[in-house]
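Chain by chain, the residues:
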Amino acid sequence: MTHRNAYMTDELEAIYEQTHTFVVNEVRPHGEAWEEEGKVPRDILQKMGALGMFSLRVPEEHGGLGMGYLASAAFSEALGASLFGGFDATVLVHTDMSTPHLLNSGNEEQLGRYLPGIMDGTHIMAIGVTEPDAGSDVAGMRSSAVKDGDGWRLNGRKTFITNGVYGDTVIVGARTDKENKYGISMFLLDHGTEGFSVGRKLDKHGWLCSDTAELVMEDVWVADENLLGEQHRGFYETMKNFQNERMVLVGMGVGATQAAIDLTNEYTQERPAFGGKLFDLGAIRQRMGMNQAKLDAIRASMYHAAWVGDQGEDNVKLMSGVKAWGCEAINDIMYDCLQFHGGMGYMRESAIERLARDARLLPIGGGATEVMLEEVAKRSYV
Ligand SMILES: Cc1cc2nc3c(=O)[nH]c(=O)nc-3n(C[C@H](O)[C@H](O)[C@H](O)COP(=O)(O)OP(=O)(O)OC[C@H]3O[C@@H](n4cnc5c(N)ncnc54)[C@H](O)[C@@H]3O)c2cc1C
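Residues numbered from 1 in each chain as written. Predicted model: local features only at pLDDT ≥ 70, side-chain atom pairs only at ≥ 80, totals over all residues.

*Asks:* What is the right way to read the site of the ligand from this model?
*Replies:* Residues in contact with the ligand amount to 22 residues; listed here are only the nearest, Val129, Thr130, Gly135, Ser136 and Glu370. Here the shell around the ligand is composed, by residue class, of 11 nonpolar, eight polar and three charged. When we break the shell around the ligand down by domain, the ones giving at least three residues each are domain 2 (127-231) and domain 3 (238-378). (Near = placed C-beta within 6 Å. Nonpolar A, V, L, I, M, F, W, Y, C, P; charged D, E, K, R; others polar. Domains from an automatic or database assignment.)

Here it is in structure tokens:
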């Protein structure tokens, strides 16, 4: 029970156990077929919805559990045991990277319109911030929204959008105030809206069962009811979820890395070499011991940053820090795990090959390591 820590209550343990059991039984046996297809089937998402897994962060008055950061930490860590980063990403973009913007900024009508489908898994969400010419520099966004009658006219392109091909609604950012660098607004953009299309389904290095889209908005008209939050305040509204987004990427990485360490220990304990087993070799035992120690430290730091956030305190420095060093360290550990599988680690048929490949995204997505380190550094002056 390596996930146990001071912050886990019985309720959080139950979330962890339910999710862990679910992914081991319902995802692991099918994940490879989904990777081939480049798609997570909707029925598995609906099963998760029916079990309440998409309701953890939804306030109780809207039918959810009204939980905080710690619930998402436990949920994302447990998802990591699926062994398929693309599956974890599909789920977490829906629950923890897109829906929170609706929860933070949506009015009663919007919450009523979208939350029932979000919770039962029939309506899958995406977040469209990144553009071909604006990634880390969110304020460099070029997509525009211009007032037009009782609504807005949207133009522009988004790229690398998870759930952008098979999802139902994308929360997109667009510039509404040309005079102000931060004059961005958020809109609820449903698939099927005239002028809104998938330009390309992108082919990736890892996360193969997760769909990633380039999206095109050509004179798309949306009604005023689809403006999410206050006009021109979208940049600041989006920032409200940054720490949660960073955390769940660490969480899925922690779960996946624990699985990778366990697989590697098992493999090296069975693999004959030099008259004994690989695990008997001091170099391997010691490195794997260090890897477990590092992973325990990442896990503890993540839960601590989650707990600080749940106390209503600023956790930007802590969360950015663990996102930076944690995701880099996760990749170092994955490197060792693949290395100690030898040639088999390089084969597509071994889970470790995919785990190492999937982990590569963690230091890039949701705030690259270098951007995270700036967040820490600028909060480190006395
Ligand atoms: C598989 C995948 C899924 C994604 N899903 C989504 C999604 O659902 N929605 C969405 O909006 N976006 C999504 N993204 C986009 C992701 O968040 C961006 O790729 C990420 O923020 C980096 O932006 P960029 O790719 O434009 O890199 P750039 O901003 O061009 O940066 C390139 C590199 O430069 C370095 N760098 C950048 N800024 C600094 C700095 N200030 N100081 C020092 N070095 C720096 C970093 O090493 C960085 O990796 C996804 C990306 C991928 C690959």
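*Asks:* Explain the packing of helix 4 (residues 69-79) against helix 8 (residues 242-270) to me, please; I cannot follow it from the model alone.
*Replies:* Geometry of a packed helix pair, given as the angle between the helix axes and the separation of the axes. One can describe the packing of helix 4 onto helix 8 by two numbers: an axis separation of 6 Å at closest approach and a directional angle of 35 degrees. Judged by the sense of rotation from one axis to the other, the crossing of helix 4 with helix 8 is right-handed. Contacts from Tyr69, Ser72, Ala73, Ser76, Glu77, Ala78 and Leu79 of helix 4 reach helix 8 at Asn244, Met247, Val248, Gly251, Met252, Val254 and Gly255. Taken together, the residues that form the contact of helix 4 with helix 8 break down as eight nonpolar, five polar and one charged. (Axes fitted to C-alpha atoms, helices over the stretch in contact; angles between N-to-C directions. Helix = DSSP H or I, 4+ residues; strand = E, 2+ residues; numbered from the N terminus. Left-handed = near helix turned anticlockwise from the far one by under 90°. Contact = placed C-beta atoms within 7 Å.)

*Asks:* I would appreciate a short explanation of the environment of Asp168 in the present structure.
*Replies:* Tracing the backbone through its elements, the reader meets Asp168 in the loop between strand 3 (151-162) and strand 4 (169-175). The partly exposed category is assigned to Asp168, around which 18 C-beta atoms lie within 10 Å. As a C-alpha pair, Asp168 and Pro29 span 139 residues in sequence and 26 Å in three-dimensional space. In contact with Asp168, not counting residues within four places along its chain, are His123, Ile124, Asp190 and His191. (Buried ≥ 20, exposed ≤ 12 C-beta atoms within 10 Å, placed from the backbone.)

*Asks:* How do you make sense of the domain arrangement of the chain when you look at a structure like this?
*Replies:* Per the domain assignment, the segments making up the chain are domain 1 (10-124), domain 2 (127-231) and domain 3 (238-378). Computed over C-alpha atoms, the centres of domain 1 and domain 3 are 21 Å apart. Listed per partner, the contact involves 21 residues of domain 1 and 23 residues of domain 3. The set of elements that each furnish at least two residues to the side of domain 1 that touches domain 3 consists of helix 4 and helix 5 (85-105).

*Asks:* Sorry, what's going on with the environment of Glu26 here?
*Replies:* Structurally, Glu26 can be placed in helix 1 (residues 10-27). Taking the C-alpha atoms as reference points, Glu26 and Ser82, 56 residues apart in sequence, are found 8.8 Å from one another. Discounting chain neighbours no more than four positions away, the residues touching Glu26 are Ile44 and Lys47.

*Asks:* Honestly, helix 11 (residues 351-359) in this entry has me stumped. Any pointers?
*Replies:* Count 3.6 residues to each turn of an α-helix, and residues three or four apart come out pointing the same way. Within helix 11 the residues assigned to the buried category are Ile352, Arg354, Leu355, Ala356, Asp358 and Ala359. Close packing links the buried residues of helix 11 with helix 5, helix 8 and helix 10 (316-339).

*Asks:* Help me out: how do you make sense of unusual backbone geometry in this one?
*Replies:* Comment: phi is negative for the bulk of residues other than glycine, and the bulk of peptide bonds are trans. The phi dihedral of Phe160 falls on the positive side, at around 60 degrees, and the residue is not glycine. You can see Phe160 is positioned in strand 3. Classification of Phe160 by C-beta neighbours within 10 Å gives partly exposed; the count is 19.

*Asks:* Any chance you could explain the pairing of strand 7 (residues 212-223) here in plain terms?
*Replies:* Consecutive side chains of a regular strand alternate in pointing toward one face of the sheet and then the other. Bridging between strand 3 and strand 7 involves nine bridges; their strand directions are antiparallel. Along strand 7, the bridge assignment pairs Leu154 with Val220. Bridge count for strand 6 (residues 196-201) against strand 7 is five bridges, and the pairing is antiparallel. Considered in strand 7, the bridge of Phe196 is made with Met217. (Pairing = 2+ DSSP bridges.)

*Asks:* I tried to follow the nonpolar core on my own but got confused; where do I start?
*Replies:* Here is a general trend for soluble globular proteins: nonpolar side chains tend to be buried in one another's company. One finds Phe187 and Met302 to be the most contacted residues of the largest nonpolar core, which totals 105 residues. Not counting residues up to four positions away in its chain, the partners in contact with Phe187 are Ala145, Trp152, Leu154, Val172, Ala174, Val222, Asn226, Leu227 and Leu228. (Core = buried A, V, L, I, M, F, W, Y, C linked by C-beta atoms within 7 Å.)

*Asks:* Just to check I follow, could you spell out the packing of helix 10 against helix 11 for this structure?
*Replies:* Interaxial distance between helix 10 and helix 11 falls to 9 Å at its minimum, and their mutual angle equals 160 degrees. Taken together, the axes of helix 10 and helix 11 lie roughly antiparallel to each other. Where helix 10 crosses over helix 11, the handedness of that crossing is left-handed. Of helix 11, the residues touching helix 10 (which contributes Ile330, Asn331, Met334, Tyr335, Cys337 and Leu338) are Ile352, Glu353, Leu355, Ala356 and Ala359. Across the contact of helix 10 with helix 11, the residue classes break down as nine nonpolar, one polar and one charged. (Parallel < 35°, antiparallel > 145°, perpendicular 65-115°, else oblique.)

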